[in-house]
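Tertiary structure, described
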Amino acid sequence: MNTLPLVLYAAAGIVYAIHFARRDSTTGRAATTLLLLGALVHTFVIGMQTMEVHHVPFANPSRAVSTFVWLLTLSYLYLELTTDERSMGVFILPVVIGLQVIPAIYPGTEYADPVLDSPWFWVHVSSLLFAYASFGLAGVLGLIYMLQFKEIKKKHLGYFYTRLPSLQILDVMNSRAVAVGWLFLTVGVIVGVVWTAEARAIAPNDPNLRAMSLDDPKIFIALLTWAVYSFAMFARRTLAWSGRRAARLSAIGFGFVMLNFLLINYFVTTSHSFY
Amino acid sequence: MHLFLLGVSHRTAPIDLRERLDFSSRDLSAAAEAIAARPSMSESVVLSTCNRSEIYVASSDPAIAREELVAFLSDYHHVAAQLFQPHLFALENSAAVAHLFRVAAGLDSLVVGEPQILGQVKDAYQVAAAKRCVGPVLSNVFRWSFGVGKRVRSETALGEGAVSVSFAAVALARKIFGRLQARRVLVVGAGDISSLTAQHLRAQGVGDIVITSRTLAHAEALAHDVGGLAVPWDGMMNALGSADIVITATGSQRPIITRAQLVAAQGHRRSTPLFIIDIAVPRDVDPSVGEIEQVFLYNVDDLQSIVEENLSRRAAEVEHAESIVNDEVTKFMAWQRSRSAVPTIVALRQRFEAIRVSELQRLENKLGVLPPDARARVDDVTRLIVEKLLIEPTEQLKGLPDEETQAAYTEAINRLFKLQQDEEPLDFSRGKRSDPSKRP
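Fair warning: this is a prediction, and the values are worked out from it, not measured in the lab. (Residues numbered from 1 in each chain as written. Chains lettered and ligands numbered in written order. Predicted model: local features only at pLDDT ≥ 70, side-chain atom pairs only at ≥ 80, totals over all residues. Heavy atoms only, no water.)

A look at the environment of Glu387(B)
Residue and element names in this part refer to chain B. Here is the rule we go by: We count a stretch as a helix when DSSP gives it H or I for four or more residues in a row; a strand needs E for two or more, and each element gets its number in order from the N terminus. Only protein chains enter the calculation, and the probe is 1.4 Å; a residue is then buried if its accessible area is under 20% of its type maximum, exposed if over 50%, and partly exposed in between.
Secondary-structure assignment places Glu387 in helix α16 (residues 372-398). Judged by relative accessible area, Glu387 falls into the partly exposed class, the value being 36%. The sequence separation of Glu387 and Ser44 amounts to 343 residues, and the corresponding C-alpha distance is 39 Å.

Observations regarding the packing of helix α5 (residues 93-104) of chain B against helix α6 (residues 116-130) of chain B
Residues and elements named next belong to chain B. Rules: Every axis in this analysis is a line fitted to C-alpha atoms, fitted for helices over the stretch in contact. Angles between the N-to-C directions lie between 0 and 180 degrees. In this scheme, roughly parallel covers angles under 35 degrees and roughly antiparallel covers those over 145, while 65 to 115 is roughly perpendicular and the rest are oblique. The contact criterion used is simple: two residues touch if any of their non-hydrogen atoms lie within 4.5 Å. Following the grouping adopted for this structure description, the nonpolar residues are Ala, Val, Leu, Ile, Met, Phe, Trp, Tyr, Cys and Pro, the charged ones are Asp, Glu, Lys and Arg, and the polar ones are all others, Gly among them.
Between α5 and α6, the shortest axis-to-axis distance is 8 Å and the interhelical angle comes to 125°. In terms of axis orientation, α5 runs oblique to α6. Note on element contacts: α6 touches α5 through Ile117, Leu118 and Val121, opposite Leu100, Val103 and Ala104. For the contact of α5 with α6, a count of residues per class yields six nonpolar, no polar and no charged.

Considerations on the confidence of the model for chain B
All names here are of chain B. For clarity, the cut-off: Each residue carries a pLDDT score, the predictor's own confidence in it, on a scale running from 0 to 100.
Mean pLDDT over chain B: 87, with 95% of residues reaching 70 or higher. Note that residues 430-440 has pLDDT below 50 and, in this model, 28 contacts with residues that lie over four places away or in other chains. Interface predicted TM-score (ipTM) for the complex: 0.83; the corresponding pTM is 0.71.

Description of helix α13 (residues 300-340) of chain B
The α-helix advances 3.6 residues per turn, and as a result positions three or four apart in sequence lie on the same side. Rules: Every helix has an expected span of 1.5 Å times one less than the residues it contains. Under the rule applied, a polar contact is a pair of N or O atoms within 3.5 Å (in protein, one hydrogen donor and one hydrogen acceptor; residues adjacent in sequence only if both atoms are side-chain atoms).
Taking 1.5 Å per residue, 41 residues should reach 60 Å; α13(B) reaches 56 Å between its end C-alpha atoms and fits that length. Put simply, Asn299(B) is the residue that caps the front of α13(B), since its side-chain oxygen is 3.0 Å from the backbone nitrogen of Asp301(B).

Quick notes on the interface of chain A and chain B
Threshold: Note on definitions: buried area is the accessible-area loss of two parts on being combined, 1.4 Å probe, summed for both. By convention in these notes, a salt bridge is any Lys or Arg side-chain nitrogen within 4 Å of a carboxyl oxygen on Asp or Glu.
Contact with chain A, which involves 21 residues of that partner, is made by 24 residues of chain B. Buried area between chain A and chain B, both sides added, is near 1,800 Å², and the carbon and sulfur share of it is 47%. Sorting the residues of chain A by area buried against chain B places Lys153(A), Lys155(A) and Leu157(A) first, and these three jointly supply 30% of that buried surface. Taking the shortest distance from any N to any O, the salt bridge between Lys155(A) and Asp302(B) comes out at 2.9 Å. On the surface where chain A and chain B come into contact, there are 14 residue pairs in polar contact (both at pLDDT 80 or more). Elements supplying a minimum of two residues to the side of chain A that touches chain B: α5 (119-153), α6 (159-163), α7 (167-202) and α10 (244-268) of chain A. Considering each element in turn, the side of chain A that touches chain B owes the most residues, six residues, to α5(A).

A closer look at the packing of aromatic side chains
Two aromatic rings, taken as a pair, are described by how far apart their centres are and by the angle between their planes. What counts is decided by this rule: Centres within 6.5 Å make a pair out of two Phe, Tyr or Trp rings, where for Trp the six-membered ring is used; the pair is then stacked when the planes are under 30 degrees apart, edge-to-face when over 60, and tilted otherwise. Each ring is checked for a lysine NZ or an arginine CZ that lies within 6 Å of its centre and within 35 degrees of its normal; such an atom marks a charge sitting over the ring.
Applying the stated criterion across every chain yields a total of 26 aromatic pairs over all chains. Arranged with centres 6.4 Å apart and planes meeting at 45°, the rings of Phe231(A) and Phe234(A) form a pair that is tilted. Taken together, the positions of Phe231(A) and Phe234(A), both in helix α9 (residues 217-237) and three residues apart, correspond to about one turn of that helix. Connected via pairs of aromatic rings, a cluster forms that spans Phe20(A), Phe91(A), Tyr159(A) and Phe160(A). Cation over ring: Lys153(A) sits above Phe296(B), and NZ or CZ is 5.7 Å from the ring centre. Stacked on the ring of Tyr161(A), the Lys or Arg Lys175(B) has its end atom at 5.8 Å from the ring centre.

Side note on the sheet that holds strand β2 (residues 41-49) of chain B
Residue and element names in this part refer to chain B. Short version of the rule: At least two DSSP bridges between two strands are required for those strands to pair.
If you trace the four strands from one edge of the open sheet to the other, you get β2-β3-β1-β4, paired in antiparallel fashion. Both edges of this open sheet fall to β2 and β4 (89-92), since each of them pairs with a single strand only. The sheet shows a mean angle of 15° between the axes of neighbouring strands, taken without regard to direction. As judged from the eight bridges shared by strand β1 (residues 2-9) and strand β3 (residues 52-59), these two strands associate in the antiparallel manner. Note that in β3 the partner of Leu3 across the bridge is Ala58. Where helix α2 (residues 27-36) meets the sheet, it contacts β2 and β3, and its direction lies at approximately 150° from that of β2.

Right under this line is the structure:
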């Protein structure tokens, strides 16, 4: 079921790349249309899975990845349609396509653990996935900023200079994406703590719940990620960091997010394996 | 009816002559009207920019049109004809179409690909259209040329990249700051390039422009020109602290802005980007200033090399743009041919219809006895037969490959069916140049 969105995302990715090279508006519109179509089909897939298990599918890691990709695509489309700036598509789409391969190959089945049947849990996961999508955008914007900054600073105005937006726009969008992501990350972590306390009272012997502590790599890295983004916010506002440093930090932050979301989620965590 | 063009451009005439033959924007409509009122010319558009004065007309006799236009230019500008005649170029029909398309695409400009020309072509057309000086010949070719200009801009990089030092600086400022609306500019030393750059920045809507110079009067003069504020020389460091864009162009033999001075002046603003354009030789800004994280320092050589790179990139696009123009000329001429077949097609249809009607009238006595339904059916059937007979000839006439074949077919049909056409077909067939040596 996740293959069709993947195919559409891949097609959109190719057209975004052609648009980036050629910069004609017809190809640009075709790219956006394909991505919108992909997002629409993806919405349908997630809607079907929600009807199947009676909740948004994200307890299984593959399905969580699929939901994350969906949110990232929607966030990007929002950014593109509000700024009318398509040059970022070619940088976002590889992340979207690369991640969507996972649910397309390993669809996974959603196992409805009764422990998860709490509104707190759903708020916890949706907030975090939305935060990750924002950080994904911020990370890619940071990368684009660094590319543009390098060309202008080194006085080598080449391929990217003409195609990418101004440093100021990239910086503002990056700052907003980090702020939105940080807010949702904070809410997600707090709600997670509340939910764990509540769930432990109901199922004191659940092995996942027993493993919920700072010793668990997933929780540790999550807090580290929160610390990185908190510092990014602090540095921008109080230390007057801006531009390249903030861009680099948001790219590093997204590295932590992906580490936690993919490697640790699949292979290491002991506390977050409800499947 | 022929399309005829007479003009001077930077390729054929020196600047002093172009100045004398220039039409100011206020004169354009009156000139177009005066030309179109002449008996040999039915339509006219006058295109006048600093690099060209061109008159496009629709005329039944280009040779007479040329004579009349030369006389008009001589009278209008009070210049003796023999002074400018050797510098004129004249083009007809397809050659004139190709020229207009090249002009609209920016291929004939002094700075190839410059963006203003398409707007100037549109303005010239609109001014003439407002005075009802354009008809089927000029309106079709001009409207088509707007599309050509747009196509060349979107499909090639011909108009990309700044090709003057001051525009390169403004383009860079836009890539750093995005919108320039609230940005503060400091100009240190009032020279030609700094003045030009400040003017371009003003046109982009920058916020304040502060100007300082060792001689306050110079600063005040430039401030007056660009709508800025002149401050005394000793206020420079203060102004530096709040500036986003700095242009330096003094005659100083030593750097006037060092790294330590800049860091001290910026204070808490060191995290905001600062774009410094150092146009002076020797340089006004110590090169180590460029090592500060948020400072983008460009000297005149840096900007010049950007300009040269952009120029060579544009030159590489010329071939592509020329092929688009050629393609559009071919398409336009084919379309024009299909349109010039229209009078023949109309006459042919009228002839067939006349025969049909007269035959029905001849048989009226016999047909009159039929009931109304059957009578109407006969009418329909005969009309359908005529339609079907004409479908293929119509398509064939519209799609003829060249003017000669078309002329031969038209002639044959006229003779075969004894056709008489009221309307004179538009004839864009012979694209001869009256003086090819005047165009490169």
